[in-house]
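Chain by chain, the residues:
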Amino acid sequence: MDTRKHYAAAVTAFVVWGFFSLPLRALQAYTAGEILYFRIATSVVILFIILFGFRQQKLKQDIIRIKSLAGNQRNRILMVTLAGGALLMVNWLVFIYVINAINIKTASFSYLICPVITALLGNLILQEKLSPIQWMAVVLCTISCVLLGFNSATELGYSFAVALSYAFYLISQRRSNGFDRLTILFVQMLFALVVLSISFPWLVNEVPQASRFYSWIVVIAGIFTVLPLFLNLYALNGINSTTVGILLYINPLMNFVIAFVIFGEKVSALQAVGYAIILMALVLFNYPSLQKIKARMV
């Protein structure tokens with residue numbers, strides 16, 4: 001099987017996400033709540049068009065499947081799906097706030113440590129095994145976080161808020177339930193939209209009037225939300241999730257470059273040491289997976 005198109009899809013998805021800070025910064029004058037509400041509302045519309053216009057067969061299969069399940073099993077899947085929507089909503093809200101009100105490097109660090117935190121939670125919650133070298137990476141990651149905490153406890157706190165919310169989302173969605181991922185995402189986004197609509201008076205200070213705002217929201221929802229998700233789905237049809245997980249690091253590394261080169265963010269000596277240690281941790285953590293990928297390519 002030729003997997004070059006699948007690799008290209010995965011790389012493209014993470015490169016697109018790597019530029020996500022640019023449109024968010026273009027909306028820096030608006031609150032995180034306003035950006036989040038209209039991002040999710042627009043994403044729901046786009047996903048509705050895709051599902052009912054181009055994926056009706058998949059949607060029908062999902063409806064038949066959910067009807068065929070026993071009541072308890074159906075309720076469990078619904079609860080896990082809605083919990084995932086809540087976690088994704090929190091993750092996006094905090095991430096947008098961090099990008100526009102804190103700094104980009106803090107948001108980038110979140111997604112560097114997220115895979116390690118996800119694996120640690122998988123070990124604690126799902127009893128997934130970690131190798132000794134991966135435990136060593138967890139220790140190094142902890143040391144890095146301690147150093148960064150000395151530099152700025154606030155920034156580290158926001159990094160953990162973003163990383164933990166997404167890690168819990170990944171854990172909640174780890175076990176496939178047989179439903180199409182875009183259908184699941186649509187249900188999650190619809191649930192998030194309902195929750196945000198109830199909170200609208202507190203979330204949105206004033207409904208934006210500028211057409212520029214809505215132009216950027218369409219770009220964010222279409223190009224930086226739905227498109228990369230499509231590409232990831234396509235990539236996972238040809239390459240395994242471990243490989244995709246390693247390619248994920250393209251995203252935060254690009255964000256670091258954008259933070260320093262475009263927005264002129266600075267790094268203290270202590271932060272530089274912390275970032276160097278986390279990079280060492282990531283190499284160690286992914287070493288077993290890299291060896292497996294190398295073996296398959298030989």
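In short, a report on the structure. In this text the structure is predicted, and so the values were computed from the model without any measurement. (Residues numbered from 1 in each chain as written. Predicted model: local features only at pLDDT ≥ 70, side-chain atom pairs only at ≥ 80, totals over all residues. Heavy atoms only, no water.)

Considering the layout of surface pockets
Part 1: The volume enclosed by the second largest pocket comes to roughly 270 Å³.
Part 2: Of the residues contributing to the lining of the second largest pocket, the split by class is nine nonpolar, two polar and two charged. (1 Å grid on protein atoms, 1.4 Å probe; cavity = no way out; pocket = protein on both sides within 12 Å on 5 of 7 lines; lining within 4 Å. Points joined across faces, edges and corners; volume = space filled by probe spheres on them. Nonpolar A, V, L, I, M, F, W, Y, C, P; charged D, E, K, R; others polar.)

Comments concerning a nonpolar patch on the surface
Part 1: Nonpolar side chains collect at one region of the surface, where Val 257, Phe 260, Val 261, Ile 262, Phe 263 and Val 267 lie side by side and expose about 500 Å² of accessible area between them.
Part 2: Note on placement: Val 261 falls in helix α13 (residues 250-261).
Part 3: Given the relative accessible area of 65%, Val 261 is considered exposed. (Patch = residues over 30% accessible without salt bridge, like charges linked within 9 Å, V, L, I, M, F, W, Y side chains within 5 Å. Areas by Shrake-Rupley, 256 points an atom, 1.4 Å probe, with all protein chains shown as cover. Salt bridge = Lys/Arg side-chain N within 4 Å of Asp/Glu carboxyl O. Helix = DSSP H or I, 4+ residues; strand = E, 2+ residues; numbered from the N terminus. Buried < 20%, exposed > 50% of the residue type's maximum accessible area, 1.4 Å probe, protein only.)

With respect to empty space enclosed by the protein
Part 1: Per the stated rule, a full pass over the model turns up one cavity of 30 Å³ or more.
Part 2: As a volume, the largest cavity reaches approximately 70 Å³.
Part 3: Lining the largest cavity are Thr 106, Phe 109, Leu 148, Ser 152, Glu 155, Leu 156, Ser 159, Gln 271 and Tyr 275.
Part 4: Elements represented by at least two residues in the lining of the largest cavity include exactly α6 (104-125), α8 (153-172) and α14 (269-297).
Part 5: It is α8 that provides the largest number of residues to the lining of the largest cavity, a total of three residues.
Part 6: Split into classes, the residues belonging to the lining of the largest cavity amount to four nonpolar, four polar and one charged.

Points about the packing of α6 against helix α7 (residues 132-151)
Part 1: Closest axis-to-axis distance for the α6/α7 pair is 11 Å, and the angle between their directions is 135°. Comparing the axis directions of α6 and α7 gives the class oblique. For the element pair α6 and α7, the recorded crossing hand is left-handed. Contact residues: α6 offers Phe 109, Ile 113, Val 116, Leu 120 and Asn 123, while α7 offers Trp 135, Val 138, Cys 141, Ser 144, Cys 145 and Leu 148. (Axes fitted to C-alpha atoms, helices over the stretch in contact; angles between N-to-C directions. Parallel < 35°, antiparallel > 145°, perpendicular 65-115°, else oblique. Left-handed = near helix turned anticlockwise from the far one by under 90°. Contact = heavy atoms within 4.5 Å.)

Here we look at the nonpolar core
Part 1: Judged by nonpolar contacts, the single largest core of 73 residues is most densely connected at Leu 24, Ile 40, Phe 95, Phe 109, Ile 113, Met 189 and Ile 278.
Part 2: The residues contacting Phe 109, other than those within four sequence positions of it, are Ser 144, Cys 145, Leu 148, Leu 156, Ser 159, Phe 256, Tyr 275 and Ile 278.
Part 3: Grouped together as the second largest cluster of nonpolar side chains are ten residues, Ala 13, Phe 14, Trp 17 and Val 244 included. (Core = buried A, V, L, I, M, F, W, Y, C linked by side-chain atoms within 4.5 Å.)

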